[in-house]
Amino acid sequence: MRTTEAISTTELPCRVKELLTGGHRLALIAAHHDEHALRVVYLFTAGPPDTRTELHIHLDPDRPELPTLAPLSFPAGRFEREMRDLFGIVPQGHPLPHRLVRHFHWPRGWYPMHPDAGTPPPFGEQEGPYPFLEVEGHGVYEIPVGPVHAGLIEPGHFRFSVVGETILRLKARLWFVHKGIEKLFQGRTIAAGLPLAERISGDTAVGHALAYCLAVEEATGTEVPDEARRARALLLELERTHNHVADLGMLCNDAGHAILNAHAQRVREQLLRLNREITGHRLLRGGIVPGGAALRSVPDVRRLKAIGDDIREITDLALGHSTVRDRFTGTAVLKTEAAQEIGCLGYVARASGLTHDARVAHPFTDHGTQLDIPVHTGGDVLARFLVRAAEIDTSLTLVEHLSLTLVEHLADGLIAPCAAPARSPAPGERGRSGVGLVEGWRGTIATRVELAADGTLARVKPVDPSFFNWPALPVALADTIVPDFPLTNKSFNLSYAGNDL
Amino acid sequence: MNAIGYVAVAGQVMAVVIGAPLLTGWMRQVRARLEGRAGPGPLQPWRDVRKLLRKEPITPVGTGPAFRAAPALLVATTVVAAALVPLLSTDTPVSAHADLIVVVALIALGTLALALAGLDTGTAFGGMGASREMTVASLVEPTLLLSVFALSIPAGTTNIPAIVSSAAHAPARLASPAGLLAIAALAVAILAETGRIPVDNPSTHLELTMIHEAMVLEYAGPDLALVELGAQMRLTLLLGLLSSLFAPWGIATSASWAALAVALALLAAKVLLLGAVLAAAEVFWAKVRLFRVPELLAGSFLLALLAVTASYFLNGAA
């Protein structure tokens with residue numbers, strides 16, 4: 001299922017071009033510090049059928065340099081910048097050799113992921129101002145927003161270049177909440193890594209935990225029982241539902257139609273209480289464990305039906321409201337080609353006509369015929385609203401179906417937390433690795449795990465779909481008016497925490 | 001007799017100053033209940049004002065007199081307008097000065113002061129908010145004037161107390177096409193002037209969509225209390241004016257204590273009712289796209305123009 005090729009730096013661009021034209025997508029790039037060498041892993045995925053291809057490149061630790069892949073793949077260029085900031089690996093010929101993750105007050109030449117990095121040094125001198133591109137011309141002005149916002153929003157800085165009310169250019173500056181999660185994973189036991197994975201992005205507890213567990217299970221060769229897989233699928237869909245409902249409500253709120261938000265949040269609260277009954281945690285933490293799933297109960301089908309009807313009524317009311325619909329229609333269009341080139345994932349991609357879904361491409365359980373992937377081609381706020389409304393329907397159908405098949409197992413006490421993977425490492429065995437690909441509610445999450453000889457985590461690289469989707473936001477906003485930005489931003493609803501890691 | 005007149009003026013000012021936060025609180029409470037929320041109760045705006053007044057005054061570096069004078073000017077213009085406009089009585093010592101153009105100019109002066117203050121901060125939001133507010137104001141003020149002109153034509157004067165007292169004596173005139181068109185135009189203009197949905201969203205926290213709030217983002221402490229109080233007073237004043245113009249029943253047209261007391265009770269009832277209707281309407285409306293706002297306001301201007309035309313021709317026929 002997963003093939004690994006060790007290749008040299010000179011072969012890299014050729015091979016990558018081959019993979020990309022062959023229908024693969026770049027899922028992640030992760031650098032590793034081995035004992036005497038630097039190693040970079042490129043993970044390409046395609047599906048169905050589920051195909052995962054890894055390219056491994058060994059670099060000289062004294063002169064860590066790579067040929068850039070930016071001209072071949074836009075996300076690759078961003079991974080390379082991330083790698084340069086954290087590891088000091090230089091992508092040669094990169095078209096945008098600016099800092100990305102490390103803000104300008106971090107001292108030059110200090111790379112946090114380096115084994116000898118030590119504790120973070122004190123803030124140094126600012127290395128010049130951030131290179132915002134200035135738009136010049138008659139009547140062009142700049143609006144700086146953030147990183148501290150008026151509402152309860154995560155920190156990010158947006159710089160709008162505006163003429164009148166029309167946005168000419170938007171620059172989003174992120175990584176204000178870089179917490180060093182990849183570093184925090186290192187040296188933890190598998191069990192201790194799980195709570196961290198659940199907290200990569202608080203609203204995606206199941207998605208990230210599941211990707212982490214799938215990767216760990218592949219690395220340790222653990223088999224997960226079929227009913228536990230179905231329980232995991234159930235939790236994944238529940239997470240999708242409660243997040244989608246909240247966002248549909250908030251989209252209405254941003255259009256000034258607060259009553260639908262009030263009702264959407266009421267439904268979300270019901271779902272959160274349901275979540276607590278099922279896993280003991282409102283955001284479904286603790287539901288997914290390495291080797292299995294832990295459910296306390298399964299949702300009642302009648303309750304799900306009532307919730308589904310409620311949600312459908314809310315979306316119908318929103319779409320039937322002429323002003324709300326007018327605000328959504330044609331706002332911030334992300335064209336299919338742009339979404340394709342940027343490498344968008346999740347509902348953002350599916351609202352722009354791309355059909356990618358990891359539940360189809362990389363299934364961890366059989367979803368049966370209930371899985372229906374809604375795709376719209378409008379690319380505007382309305383399309384994203386419609387895709388998410390349709391996804392709620394699909395998710396609830398799946399939850400219902402899965403609940404029915406799980407009820408009997410629950411009575412037998414089968415869905416209890418399984419024992420943590422117990423395969424003891426063979427002496428001298430090293431470099432066991434695994435990859436987890438999960439369709440979280442925002443899109444495909446990819447997590448790659450490498451275990452050390454003693455069974456602890458040597459390296460965990462999670463990639464939230466937000467990392468791929470963030471660059472699409474400024475593209476969609478070109479020629480949109482400033483007052484429609486909050487609506488657009490909410491329709492993307494990207495994670496800052498998941499992006500900044 | 002003169003004493004009653006001065007009491008009426010003082011009563012109007014007090015009713016607007018004290019009643020404004022209560023009206024806002026009442027509207028928020030109505031809205032909260034309609035949306036299925038508990039709501040903080042109608043006294044919350046007063047608590048907010050009290051809290052803000054106790055804070056230390058802070059002004060941003062680099063701001064000048066325009067920024068510091070604006071809150072006081074906003075409240076002062078509204079207080080003067082509240083004294084002039086016939087809310088409780090049409091027979092007061094100042095009613096001879098209560099010309100329509102004076103009142104609209106006073107309201108516009110408050111708007112202008114805030115817009116200048118927004119520009120004075122030198123921030124992107126202040127400038128953006130001021131620009132949007134001026135765009136809206138330039139469309140709203142003519143509508144305010146024109147819609148009341150429709151009523152002033154039959155009364156033969158632009159003196160508001162005279163218009164109101166003549167309407168109180170001939171209420172049938174209000175149900176005429178001119179009267180109804182003028183009500184619709186004035187209602188839309190008031191929504192826009194006071195920054196309500198569908199033009200502006202007073203409860204949003206999203207800086208980029210704001211109109212009124214964006215201008216006043218830099219205010220804090222007692223200045224913010226004045227700005228908020230001023231905005232609430234304008235809403236109360238304009239709703240009071242709307243009810244006096246189109247439902248003048250109960251307003252004191254002569255100097256008597258009993259008439260004044262009845263007028264106060266009826267004013268409170270009418271404004272609370274209007275507030276509740278507005279709050280209920282806001283539950284069902286959404287905010288229109290910013291570029292649709294001029295269309296909406298142009299529509300209301302057109303209604304006002306039709307009202308004047310209708311009023312003129314119907315008057316001529318009679």
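Keep in mind the model is a prediction, meaning the values are calculated, not measured. (Residues numbered from 1 in each chain as written. Chains lettered and ligands numbered in written order. Predicted model: local features only at pLDDT ≥ 70, side-chain atom pairs only at ≥ 80, totals over all residues.)

A. Highlighting the overall build of chain A. Secondary structure assignment for chain A yields 17 helices and 14 strands. Since a compact globule built from 501 residues should have a radius of gyration of about 23 Å, the 23 Å found for chain A is in line with a globular shape. Here the C-alpha coordinates of chain A stretch approximately 70 × 60 × 45 Å along the principal axes. The contacts of chain A with a sequence gap of at least 6 include a subset with a gap of at least 24, amounting to 67%. (Helix = DSSP H or I, 4+ residues; strand = E, 2+ residues; numbered from the N terminus. Rg over C-alpha atoms; globule rule 2.2 N^0.38 Å. Contact = placed C-beta atoms within 7 Å.)

B. Here's a closer look at the interface of chain B and chain A. Contacts between chain B and chain A engage 21 residues on the former and 27 residues on the latter. Partitioning the side of chain B that touches chain A into residue classes produces 12 nonpolar, 4 polar and 5 charged. (Nonpolar A, V, L, I, M, F, W, Y, C, P; charged D, E, K, R; others polar.)

C. Summary view of the UniProt feature "transmembrane region" (unreviewed entry) in chain B. As recorded in UniProt, the sites labelled "transmembrane region" (unreviewed entry) are residues 6–27, 69–88, 100–122, 134–154, 174–192, 235–251, 257–284 and 296–314 of chain B. Along residues 100–122 of chain B one finds 91% helix and 0% strand; the C-alpha atoms at either end are 34 Å apart. (UniProt positions renumbered as here; feature names shortened; annotations may be inferred.)

D. Fine view of the UniProt feature "binding site: Mg(2+)" (unreviewed entry) in chain A. All names here are of chain A. Cross-referencing UniProt, the feature "binding site: Mg(2+)" (unreviewed entry) maps to E182 in the present numbering. Mapped onto the fold, E182 is located in helix α3 (residues 181–185). E182 gets classed as partly exposed once you count the C-beta atoms within 10 Å, which come to 17. Among residues more than four places away in sequence, those in contact with E182 are M113, V460, K461 and L501. (Buried ≥ 20, exposed ≤ 12 C-beta atoms within 10 Å, placed from the backbone.)

E. Spotlight on helix α2 (residues 74–87) of chain A. All names here are of chain A. With 14 residues, α2 should reach 20 Å at 1.5 Å per residue; the first-to-last C-alpha distance of 20 Å fits that figure. Counting buried residues along α2, 13 of its 14 residues qualify, which places the element largely inside the surrounding structure. Just downstream of α2 lies G88, where phi reads positive at about 80°. (Expected span 1.5 Å × (residues − 1).)

F. Examining the domain arrangement of chain A more closely. Residue and element names in this part refer to chain A. Each domain of chain A was delimited in the assignment, giving domain 1 (2–92) and domain 2 (181–500). Summarising the inter-unit geometry, the C-alpha centres of domain 1 and domain 2 are found 26 Å apart. If you look at the interface, domain 1 gives 16 residues, while domain 2 gives 15 residues. Counting residues per element, the side of domain 1 that touches domain 2 draws most heavily on strand β2 (residues 25–33), which supplies 6 residues. (Domains from an automatic or database assignment.)

G. The packing of helix α1 (residues 2–34) of chain B against helix α10 (residues 257–284) of chain B, seen in detail. Residues and elements named next belong to chain B. Packing of α1 against α10 brings their axes to within 9 Å, and their N-to-C directions diverge by 25°. The orientation of α1 relative to α10 falls into the category roughly parallel. The hand of the α1/α10 crossing is right-handed. (Axes fitted to C-alpha atoms, helices over the stretch in contact; angles between N-to-C directions. Parallel < 35°, antiparallel > 145°, perpendicular 65-115°, else oblique. Left-handed = near helix turned anticlockwise from the far one by under 90°.)

H. Spatial organisation of the packing of helix α2 (residues 44–54) of chain B against helix α9 (residues 221–246) of chain B. Residues and elements named next belong to chain B. In the contact formed by α2 and α9, the axes pass within 7 Å of each other and the chain directions differ by 150°. Classified by the angle between their axes, α2 and α9 sit roughly antiparallel to one another. Of α9, the residues touching α2 (which contributes P45, V49, L52 and L53) are G221, P222, L224, A225, E228, L229 and Q232. Residues that form the contact of α2 with α9 fall into these classes: 8 nonpolar, 2 polar and 1 charged.

I. Region of interest: the environment of H149(A). Residues and elements named next belong to chain A. As for its position among the elements, H149 is in the loop between β7 (140–145) and β8 (157–163). Residue classification places H149 among the partly exposed residues on the basis of 17 C-beta atoms within 10 Å. With 125 residues separating them along the chain, H149 and H24 place their C-alpha atoms 38 Å apart.

J. Region of the structure containing the nonpolar core. Judged by nonpolar contacts, the single largest core of 239 residues is most densely connected at V348(A), V85(B), A150(B) and A182(B). Three or more residues apiece are contributed to this core by two domains, here domain 1 (2–92) and domain 2 (181–500) of chain A. Each residue touching A182(B), except ones within four places of it in the same chain, is listed here: S147(B), A150(B), L151(B), A304(B) and A307(B). (Core = buried A, V, L, I, M, F, W, Y, C linked by C-beta atoms within 7 Å.)

K. Seen up close, the sheet that holds strand β12 (residues 432–439) of chain A. All names here are of chain A. On the basis of which strands lie adjacent, the open sheet formed by 3 strands has the order β12-β13-β14 and antiparallel pairing. Single-partner strands in this sheet number two, and they are β12 and β14 (457–463). Sheet twist, expressed as the mean angle between neighbouring strand axes with direction ignored, is 10°. Pairing between strand β13 (residues 444–451) and β14: 6 bridges, direction antiparallel. Bridge pairing in β14 places E450 opposite R459. Lying over the sheet, helix α5 (residues 205–220) contacts β12, β13 and β14, oriented at roughly 150° with respect to β12. (Pairing = 2+ DSSP bridges.)

L. Inspection of the UniProt feature "domain: NADH-quinone oxidoreductase subunit D" (unreviewed entry) in chain A at higher detail. Residues given the UniProt feature "domain: NADH-quinone oxidoreductase subunit D" (unreviewed entry) here are residues 255–408 of chain A. The straight-line gap between the two end C-alpha atoms of residues 255–408 of chain A is 45 Å; of that span, 60% is helix and 3% is strand.

M. Quick look at the pairing of β8(A). Residues and elements named next belong to chain A. Here 6 bridges tie β7 to β8, and the two strands are oriented antiparallel to one another. Across the sheet, E142 pairs through a bridge with S161, a residue of β8. Across 7 bridges, the pairing between β8 and strand β9 (residues 166–173) is antiparallel. By the bridge assignment, F158 is partnered in β9 with A172. Hairpin connection from β8 to β9: 2 residues lie between these consecutive antiparallel strands, with G164 at a positive phi of about 65°.

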